[in-house]
Amino acid sequence: MKSNDKCDNAPKITRRDFVKVSSMVAALPLVGFKFSHAAGKSSVTPSPLATPVVSVVPTCSTFDCGGKCDIRAHVQDGAVIQITTLPDAELDPAMPVMRACVRGRSYRKFVYHPDRLKYPMKRVGKRGEGKFVRISWDEATTLIADNLQRITDKYGPASRYVHVGTAVSGGTFSGDTMARRLLNLTGGHLSYYHSVSMGNTAAATPYTYGVAASGNSLDTLTDTPLVILWGHNPTETIFGHTNHYFQQMKQNGTRFIVVDPRYSDTASSLADEWIPLRPSTDNALMDAMMYVIITENLHDKTFIERYTLGFDESSMPEGVPANESLVAYLTGAKDGVKKTPEWAEVITHVPAQTIRQLARDYAMTKPAALIQGWGPQRHNCGERTARGSTLLATITGNVGIKGGWAGGYGGIGNRKFTTGPEMPDNPVKQKISVMNWVQAADDASQVRPQDGLTGGEKLDSNIRMLFSLAGNYLANQNPDIHQAVKVLEDESKIEFIVASDLYLTPSARYVDLLLPETSFMERWNIGETWGTGNYLMLSEKLIEPPFESRSDYDWLREVAAKLGIEQEFSQGRTEKEWIAHIWENTRRAMPDEKLPTFEELQVTRRHLFKSAPFVAFEDNIRDPKNHPFQTPSGKIEIFSRRLYDMHHPEIPALSHYVPAHEGPEDPLAKEYPLQLITWKGKNRASSTQYTNPWLQEVQTQKLWINPADAERRGIVQGDSVRIHNNRGVTQIPAEVTQRIMPGVVAMQAGAWWQPDASGVDYGGCANVLSSARITALAKGNSHQTMLVEVVKA
Ligand SMILES: Nc1nc2c(c(=O)[nH]1)N[C@H]1C(S)=C(S)[C@@H](COP(=O)(O)OP(=O)(O)OC[C@H]3O[C@@H](n4cnc5c(=O)[nH]c(N)nc54)[C@H](O)[C@@H]3O)O[C@H]1N2
Ligand SMILES: Nc1nc2c(c(=O)[nH]1)N[C@H]1C(S)=C(S)[C@@H](COP(=O)(O)OP(=O)(O)OC[C@H]3O[C@@H](n4cnc5c(=O)[nH]c(N)nc54)[C@H](O)[C@@H]3O)O[C@H]1N2
Ligand SMILES: [Mo]
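Residues numbered from 1 in each chain as written. Chains lettered and ligands numbered in written order. Predicted model: local features only at pLDDT ≥ 70, side-chain atom pairs only at ≥ 80, totals over all residues. Heavy atoms only, no water.

Asker: Just checking my understanding: could you explain the domain arrangement of the protein for this structure?
Answerer: In many analyses, interface size is given as the accessible surface area lost on bringing the parts together. Along its sequence, the protein is carved into domain 1 (31-111), domain 2 (116-172 + 416-504 + 546-595), domain 3 (213-413 + 633-644) and domain 4 (667-792). Taken over C-alpha atoms, the centre of domain 1 sits 40 Å from the centre of domain 3. Contacts between domain 1 and domain 3 engage eight residues on the former and eight residues on the latter. For the pairing of domain 1 and domain 3, the buried interface totals around 560 Å² over both sides, and the portion due to carbon and sulfur atoms is 59%. Seen at the junction of domain 1 and domain 3, the total is two residue pairs in polar contact (both at pLDDT 80 or more). Considered class by class, the residues forming the side of domain 1 that touches domain 3 number five nonpolar, two polar and one charged. (Domains from an automatic or database assignment. Contact = heavy atoms within 4.5 Å. Buried area = accessible area lost by both parts, 1.4 Å probe. Polar contact = N/O pair within 3.5 Å; in protein donor to acceptor, adjacent residues only side chain to side chain. Nonpolar A, V, L, I, M, F, W, Y, C, P; charged D, E, K, R; others polar.)

Structure follows, in structure tokens:
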């Protein structure tokens, strides 16, 4: 399919329709008119305000789930009374289907929930006790402004920090961005780098290609005979339009292999073959695949010769001693160990014959796409796993070609369409890794360059003031909760913590000021799909905010006024005017796209981009002379001299297998013999919507355990089990199932932490067990690598 086809068939609206409709938009309030179901082709039928009509409004959430699916909010008398999705009549064969999933269809129960925060609240008890009293907004914004002033005077701007909060990251405008804007206008703030979602991939893959490996547009895969989904579960995690394309490909005969310790929903809905392996041993499987490919002479010699460095001893950079190349490593020239399938079977628990077959299938099918999700790189060996897949793609010549895939998953050229609000320069130049925040709050002198600090030799201050807007990352989502809350509970460390949320989450218990934010249905935004998507969608204000909830921007504006910089901060714009401004900037930045005006967008609702099919590194492969890779050698670096020079055992120049801390080979496995992993499940986006009653019915928090492991421990289906290690304990029911391989247990990420007085969690929050260990190269997170034992409670 050509990308132009998509656009030619996209819903059209004539200029005259636009004019007609936009004047109505200007003239009528939302509930006074009715959209036909056909967004885009649409007519808008005015109806008298006196008769309540149901307006069916196409919109989207701005959560962090990768899909900005088309939900249809049925609005009547200022309330959303029903949610449906894209109807059949509007299906356009040239456009990816973007129908609401189970989460989208349940949004009403998130927005209208008795537990929603209603008023600003100030902490009264000790931090963590969760005791708050209601205060006025005026008191709340005065508290923030006063503390900003006091803390900045005392500790300087580098003591101010805006924490991870992803719940509005699917929108172009969010409270945390605007908080950063406010802080930058008043001296700056301590910022962080590294994405907990895929930061290890982003840091490691440039050592192969010069820039981070990005995926291709999925329309380039339609003729690919073989797709290996390596720890990738898009049936649940969505990832833009991925399911749409994969399901079509499946129907057209593409073979899918899923490599995952769990029989995921993607395995059950797509896979011809499921290959379970022990978590964190992916590189051993990759090494053995490469061994088979090379020893059976299945590698792409022309490609390797033309584009790569470090494959064998003949293509090594100057000055590196002998036997450091890929072939030397695989054949054991240096360590005497041949990386055979039998060698890998012991480590991965994948039968040697399966490894052989997988290697042959991948190397002998051309093109073939090995697509890695982000689960395998959220491990403390995650950088090696991410880069390992780039080596497999390279030696089989699957880089830069239609139907192939270069490795580490990143979406289309890591593309982002909208520009976001203008951000003044941050005068504070030091940055911490997101993994350093607890230490920076506890004792900033311990955050050194070798720990992840950049932009300076030391930090100017501990974190003294923290904003957590639309995040649950103080406790729940942060690895090793107990380590974090010890610092949070110490009120002499961070002096003032402000959070906004819709619910009193486990993290919200640790704040000084808790603010009720509006939901996405109560404000304006533009929803943007992740990299594989190609449309923008208007997320419209549908209803008035309940009780005293206000958008973050709204109260930040009041804080700015109290600091005397309201005009500078807001530029005189309301939230909607910011959205219109960002839209106009985006529109001007890509004149060829002919984006509708903001007025027009309020009728058309979405814009589908005309983007041509995209293949990562296509130019570098087609014309290497004029488009060398941006590596030091200009080639694809199988062997990375830059990594080699780091002389770090966990950062091998070849990204081969090195046993992970708390992997199955760790001596700690004697005490805690089971590997625990988490997955992102269909009924939440991280912890968002945890309290949604409909979504709690979809699946309950259980521990997946293999029958062999259960039997050994006297555990039967539904038994309450204690999952523990030396960091924590959680107790939930067991799901005894073949869907998880022996030696591995799994629970869904994002359940709320519910500790009792002795610290035992009854919520099934994996982060009481996960480790805050930092990855060697990226200084990133490794939420997924943990050893545990499970006993019947
Ligand atoms: N429904 C839903 N969708 C979501 C989210 C959500 O919470 N719910 N979260 C969103 C967010 S924040 C993100 S960052 C993305 C994340 O998306 P991913 O990071 O890709 O999702 P995960 O479920 O963490 O991991 C994908 C798969 O990796 C497997 N896995 C774990 N460890 C290993 C390993 O060592 N080796 C191999 N081969 N596989 C392994 C898991 O079993 C899982 O099936 O999804 C987004 N989409
Ligand atoms: N064990 C384990 N832990 C993980 C992961 C894992 O795979 N395993 N994955 C990690 C990843 S990839 C990520 S991205 C993080 C995500 O961690 P977070 O960024 O903390 O995301 P959420 O858990 O969804 O928390 C978002 C909060 O925002 C609230 N919220 C929703 N909408 C709004 C709004 O409009 N305004 C405001 N103010 N609040 C709102 C929700 O109620 C929720 O409490 O978790 C990480 N933690
Ligand atoms: Mo994420």
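Let us keep going from here.
Asker: Explain the environment of Y307 here, please?
Answerer: In this structure, Y307 sits in helix α13 (residues 301-307). Exposure remark for Y307: the relative accessible area of 8% places this residue in the buried category. C-alpha of Y307 to C-alpha of I636: the two residues are 329 residues apart in sequence and 5.9 Å apart in space. Each residue touching Y307, except ones within four places of it in the same chain, is listed here: N620, I621, P624, K635 and I636. At 2.6 Å, the side chain of Y307 forms a polar contact with the backbone oxygen of I621. (Helix = DSSP H or I, 4+ residues; strand = E, 2+ residues; numbered from the N terminus. Buried < 20%, exposed > 50% of the residue type's maximum accessible area, 1.4 Å probe, protein only.)

Asker: I tried to follow the sheet that holds strand β3 (residues 55-59) on my own but got confused; where do I start?
Answerer: Strand order in the open sheet formed by three strands is β3-β4-β5, with antiparallel pairing between adjacent strands. A single partner strand is all that each edge strand has here, and the edge strands are β3 and β5 (79-85). Averaged over all adjacent pairs, the angle separating strand axes in this sheet is 30°, with direction ignored. Pairing geometry for β3 and strand β4 (residues 71-76), over five bridges, is antiparallel. Note on β4: the bridge partner recorded for P58 is R72. (Pairing = 2+ DSSP bridges. Axes fitted to C-alpha atoms, helices over the stretch in contact; angles between N-to-C directions.)

Asker: Just checking my understanding: could you explain the site of ligand 2 for this structure?
Answerer: What surrounds ligand 2 is a group of 33 residues, the closest being N472, D501, E517, S687 and T688. One nitrogen or oxygen atom from the side chain of R523 is found 2.8 Å from an oxygen atom belonging to ligand 2. Compared with its free state, where it exposes 920 Å², ligand 2 has 98% of that area covered by protein. Grouping the amino acids of the shell around ligand 2 by side-chain chemistry returns twelve nonpolar, 15 polar and six charged. (Near = heavy atom within 4 Å. Areas by Shrake-Rupley, 256 points an atom, 1.4 Å probe, with all protein chains shown as cover.)

Asker: Help me understand the packing of helix α12 (residues 282-295) against helix α15 (residues 341-348), please; the structure alone is not making it clear to me.
Answerer: When two helices pack together, their arrangement is given by the angle between their axes and by how far apart the axes lie. At a minimum axis separation of 9 Å, α12 and α15 run at an interaxial angle of 165°. Compared by their axis directions, α12 and α15 come out roughly antiparallel. Crossing of α12 against α15: the hand is left-handed. Contacts between α12 and α15 involve A284, L285, D287, A288, Y291 and V292 from the former and P341, W343, A344, I347 and T348 from the latter. (Parallel < 35°, antiparallel > 145°, perpendicular 65-115°, else oblique. Left-handed = near helix turned anticlockwise from the far one by under 90°.)

Asker: What is the right way to look at the site of ligand 1 in this model?
Answerer: Neighbouring residues of ligand 1: 34 residues in total, closest R103, D260, R378, R684 and S686. Take R262: an N or O atom from its side chain is 2.8 Å from an oxygen atom of ligand 1. Take R684: an N or O atom from its main chain is 2.6 Å from a nitrogen atom of ligand 1. Contributions of two or more residues to the shell around ligand 1 are made by α9 (234-237) and β23 (674-679). Partitioned by chemical class, the residues of the shell around ligand 1 number 13 nonpolar, eleven polar and ten charged.

Asker: Even after reading the chapter, I still don't get unusual backbone geometry, so can you show me in this structure?
Answerer: Most peptide bonds are trans, and most residues other than glycine sit at a negative phi. Residue P367 is bonded to the preceding K366 through a cis peptide linkage, with omega at -5°. With respect to the helices and strands, the residue P367 is situated in the loop between α16 (352-364) and β14 (368-372). Although it is not a glycine, D77 sits at a positive phi angle of roughly 50°. Along the chain, the position of D77 falls in the loop between β4 and β5. Judged by relative accessible area, D77 falls into the exposed class, the value being 58%. Non-glycine residue F547 carries a positive phi angle of around 45°. Following the sequence through the fold, F547 ends up in the loop between β20 (535-539) and α20 (552-562). When its relative accessible area of 56% is taken as the criterion, F547 is described as exposed.

Asker: Hey, could you run me through the packing of α12 against α16 in this one?
Answerer: Axis separation between α12 and α16 bottoms out at 9 Å; the angle between their running directions is 65°. Handedness of the crossing formed by α12 with α16: right-handed. Taking contact as the criterion, the partners of L285, A288, M289, V292 and I293 in α12 are, on α16, I355, R356, L358, A359, R360, Y362 and A363.

Asker: Help me out: how do you make sense of the side chain of T518 in this one?
Answerer: Summarising the element assignment, T518 is placed in the loop between β18 (513-516) and β19 (525-528). The exposure class of T518 is buried, given its relative accessible area of 3%. Those residues within four positions of T518 in sequence are excluded, and the remaining contacts are R116, L502, R523, P545, S549, R550 and S551.

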